[in-house]
Amino acid sequence: MSDDQPGSSGHPAASPGPLSLDIHQLVGFCGQRRPLRAEFRFDPAAALVVTVTFVAPEGRIPWVMGRDLLDQGLSVLGGLGDVQIWPVRPDGARTARLQLNHRDGMALFELPLPPLVRWLAATYRRVPAGAELRDVDWDAWAAALHESPEVRSD
């Protein structure tokens, strides 16, 4: 791996930094395009998920989604519930559509694929698929759960 690739800072603990993308929200029946920014973040300690923060004039809106779901949706339809993502090629551009469903409504976004594919690949180099839970101390987790006031075995 060369030193100019994401996640190759010379030590194994290096994580891909945040990815900031110019995206579009598709609004209304005609699909008007509203530009905004999306920030993708990956934390190796929570490697099953990716956090996407949508930066709009109204404020910052975070959304957490499965990393594997995001990865799947870059090549085929991924997701069935609150998050769905699929690749499209309008006008020959390599893009994906991301649909977020919430009890208050639905939002549809268009994302550029190439930088997202590269960034996501860097997350998998940092924490490979299937290794997301290998460092979990299950005994400590179970002890903390047992001590939680919400969990009682009476």
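Nothing here was measured: the structure is a model prediction, and the numbers come from that model.

Rules behind the numbers
- Counting restarts for each chain, with residues numbered from 1 along the sequence as it is written.
- Restriction of local features to residues with pLDDT of at least 70 applies here, the model being predicted, together with a cutoff of 80 or more for giving and counting side-chain atom pairs; totals for whole chains, interfaces and linings are based on all residues.
- Only hydrogens and water are removed before side-chain values are computed, so all heavy atoms of the structure are retained for them.
- Between rings of Phe, Tyr and Trp, where Trp is taken as its six-membered ring, a pair exists when centres lie within 6.5 Å; planes separated by under 30 degrees are stacked, by over 60 edge-to-face, and by other angles tilted.
- Working definition: helices are DSSP H or I runs of at least four residues, strands are E runs of at least two. Numbering for both runs from the N terminus.
- When the NZ atom of lysine or the CZ atom of arginine is within 6 Å of a ring's centre and also within 35 degrees of its normal, the charge is said to sit over that ring.
- The rule for pairing is simple: two strands pair if DSSP sees at least two bridges between them.
- Each axis is a line fitted through C-alpha atoms, and for a helix only the stretch in contact is used; angles between axes span 0 to 180 degrees, taken between their N-to-C directions.
- Here the expected length of a helix is defined as 1.5 Å per residue gap, with one fewer gap than residues.
- Only protein chains enter the accessibility calculation, which uses a 1.4 Å probe. A residue is then buried if its area is under 20% of the maximum for its type, exposed if over 50%, and partly exposed in between.
- Should any heavy atoms of two residues lie within 4.5 Å, those residues are counted as being in contact.
- The definition of a nonpolar core used throughout is a set of buried Ala, Val, Leu, Ile, Met, Phe, Trp, Tyr and Cys residues joined through side-chain atoms within 4.5 Å.

Engineer: Talk me through the packing of aromatic side chains; I want residue IDs and the actual numbers.
Structural biologist: Summed over all chains, the structure comprises 2 aromatic pairs. On the basis of an interplanar angle of 15 degrees and a centroid distance of 4.4 Å, the ring pair of phenylalanine 54 and phenylalanine 109 is categorised as stacked. With phenylalanine 54 in strand E3 (residues 49-56) and phenylalanine 109 in strand E7 (residues 105-112), this pair connects stretches of sequence that are 55 residues apart. Its end group placed over the ring of tyrosine 124, arginine 67 keeps NZ or CZ at 3.8 Å from the ring centre.

Engineer: Kindly report on the sheet that holds strand E1 (residues 19-27), identifying the contributing residues and their values.
Structural biologist: Taken in spatial order, the 7 strands of this open sheet run E4-E3-E2-E1-E7-E6-E5, and their pairing is antiparallel. Looking at which strands have only one partner, the edges of the open sheet turn out to be strand E4 (59-66) and strand E5 (83-88). Put simply, the sheet's adjacent strands are angled 30 degrees from each other on average, direction ignored. Bridging between E5 and strand E6 (residues 95-102) involves 6 bridges; their strand directions are antiparallel. Its bridge partner being in E6, tryptophan 86 is matched across the sheet by arginine 97.

Engineer: Before we move on, could you go through helix H2 (residues 113-126) and cite the residues and values that matter?
Structural biologist: An α-helix turns once per 3.6 residues; consequently, residues spaced three or four apart project the same way. For H2, with 14 residues, the first-to-last C-alpha span of 20 Å sits near the 20 Å given by 1.5 Å per residue. The set of residues buried in H2 consists of Leu113, Leu116, Trp119, Leu120, Ala122, Thr123 and Tyr124.

Engineer: A description of the pairing of E1 should follow, citing residues and the corresponding values.
Structural biologist: In this sheet, strand E2 (residues 32-41) lies alongside E1 in antiparallel orientation, the contact comprising 9 bridges. Paired with leucine 21 across the two strands is alanine 38, which belongs to E2. In sequence, E1 turns back onto E2 through a hairpin of 4 residues, with glycine 28 there showing a positive phi of about 80 degrees.

Engineer: Explain the side chain of arginine 67 to me, and be specific about the residues and the numbers.
Structural biologist: Assignment of secondary structure puts arginine 67 in helix H1 (residues 67-73). Residue arginine 67 is classed as buried on the basis of its relative accessible area, which comes to 0%. Once residues lying within four places of it in the same chain are set aside, the contact partners of arginine 67 are Phe42, Ala47, Leu48, Val49, Val50, Leu120, Thr123, Tyr124, Val127, Pro128, Ala129 and Glu132.

Engineer: Residues and numbers for the nonpolar core, please.
Structural biologist: Counting residues in each nonpolar core, the largest one holds 29 residues, and the members touching the most others are Phe40, Phe54, Leu98, Phe109 and Leu116. At the level of secondary structure, the elements contributing two or more residues to this core comprise E1, E2, E3, E4, E5, E6, E7 and H2. Of the residues forming this core, the biggest block, 5 residues, is contributed by H2. The residues touching leucine 98, leaving out its near neighbours within four places in the chain, are Phe54, Met65, Val83, Gln84, Ile85, Ala107, Leu108, Phe109 and Leu111.

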